[in-house]
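Breakdown of the fold
Read off the chains here:
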Amino acid sequence: MVAYKSDRYLDFGWASAKLDDIVNYLPARITGLLLIISAFILNEHPIKAIQTWKKDSQKGPSPNGGIPIVTFAGAVDIQLGGDCQTKDGLIIKIPIVGGLRQKLETTDITKANIFIYASTIIIFISYFLLIKL
């Protein structure tokens, strides 16, 4: 893994990790906007999605990775994160982000897929409308 966060590999791949942050700056934010629009269309919680983006998107190590995750979590009012245990028994503290509902359900996976489809359709429609202009 490039730029793996251990003492041994911390400096290895630093430049490529920073390049990844730069290159994905706009796509992450576009994805966040698409998720907010999807929440509006799907009659979920677009205002909570915006609030969660503002409040929680920078809690993780990546300047970009948190945006789609927390925006979706806010849109469907679920809470994500919490402690995680590795194979070696180490506890990794992951910030808790998102909405209020703590109990995840299998239907949340279906909702995530629907959001992916909706966001994809929205970006394609936007693209074709821009081509027509």
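About the thresholds
- Here the residue index of a chain counts from 1 through its sequence in written order.
- Local features are withheld for residues below a pLDDT of 70 in this predicted model, meaning they are given only at 70 or higher, and side-chain atom pairs are given and counted only at 80 or more; totals for whole chains, interfaces and linings count all residues.
- Water and hydrogen atoms play no part in the side-chain values, which are based on all heavy atoms of the structure.
- Helix numbers and strand numbers start at the N terminus; a helix is a DSSP run of H or I with at least 4 residues, a strand a run of E with at least 2.
- The buried label goes to any residue with under 20% of its type's maximum accessible area, the exposed label to any with over 50%, and the partly exposed label to all in between, with areas taken from a 1.4 Å probe on protein chains only.
- Residue contacts follow a heavy-atom distance rule, with two residues in contact if any of their heavy atoms lie within 4.5 Å.
- Note that accessible areas follow from Shrake-Rupley with a 1.4 Å probe, and for residues the cover is restricted to the protein chains shown.
- We count Lys and Arg on the positive side and Asp and Glu on the negative side, and we leave His and both chain ends out.
- Here the site of a charge means atom NZ of a Lys, CZ of an Arg, CG of an Asp or CD of a Glu.
- For every element, the axis is a line fit to its C-alpha atoms; helices are fit only across the contacting stretch, and the angle between N-to-C directions ranges from 0 to 180 degrees.
- Oblique is the label for any angle not covered by the other classes, which are roughly parallel (under 35 degrees), roughly antiparallel (over 145) and roughly perpendicular (65 to 115).
- Crossing handedness is defined as follows: a turn of the near helix away from the far one that is anticlockwise and smaller than a right angle gives a left-handed crossing, while the clockwise case is right-handed.
- Residues were grouped as follows: Ala, Val, Leu, Ile, Met, Phe, Trp, Tyr, Cys and Pro as nonpolar; Asp, Glu, Lys and Arg as charged; and all remaining residues, including Gly, as polar.
- pLDDT gives the predictor's per-residue confidence on a scale running from 0 to 100.
- Under the rule applied, a polar contact is a pair of N or O atoms within 3.5 Å (in protein, one hydrogen donor and one hydrogen acceptor; residues adjacent in sequence only if both atoms are side-chain atoms).

Describing the overall build of the chain
- A count of helical and extended segments in the chain gives five helices and four strands.
- Listed N to C, the secondary structure of the chain is α-α-α-α-β-β-β-β-α in terms of helices and strands.
- In terms of principal-axis extent, the alpha carbons of the chain reach across some 50 × 40 × 25 Å.
- Buried positions account for 29% of the 133 residues belonging to the chain.
- Considering only residue pairs separated by 6 or more positions, the chain has 54% of its internal contacts joining residues 24 or more positions apart.
- Accessible surface for the chain amounts to roughly 9,600 Å². Of this, 67% is attributable to carbon and sulfur atoms.
- Seen as two clouds, the 14 positive and the 11 negative side-chain charges of the chain have centres 5 Å apart.

A word on the packing of helix α3 (residues 46–56) against helix α4 (residues 66–75)
- Look at α3 against α4: their axes get within 7 Å of each other, and the N-to-C directions meet at 140°. The pairing of α3 with α4 is recorded here as oblique in orientation. You can see that α3 and α4 cross each other, and the crossing is right-handed. Counted together, Lys48, Ala49, Thr52, Trp53 and Asp56 of α3 and Ile67, Val70, Thr71, Gly74 and Ala75 of α4 form the full contact between these two elements.
- The residue inventory of the contact of α3 with α4, partitioned by class, reads five nonpolar, three polar and two charged.

Comments concerning the confidence of the model for the chain
- Averaged over the chain, the pLDDT score is 90; the fraction of residues at 70 or greater is 93%.
- Across the chain, the secondary-structure element scoring lowest on mean pLDDT is helix α1 (residues 14–23), at 85, and the one scoring highest is helix α2 (residues 25–41), at 97.

A few points about the environment of Thr120
- Within the secondary structure, Thr120 sits in helix α5 (residues 107–132).
- For the pair Thr120 and Ser38, spaced 82 residues apart in sequence, the C-alpha to C-alpha distance is 9.6 Å.
- A distance of 2.8 Å separates a polar side-chain atom of Thr120 from the backbone oxygen of Ile116.

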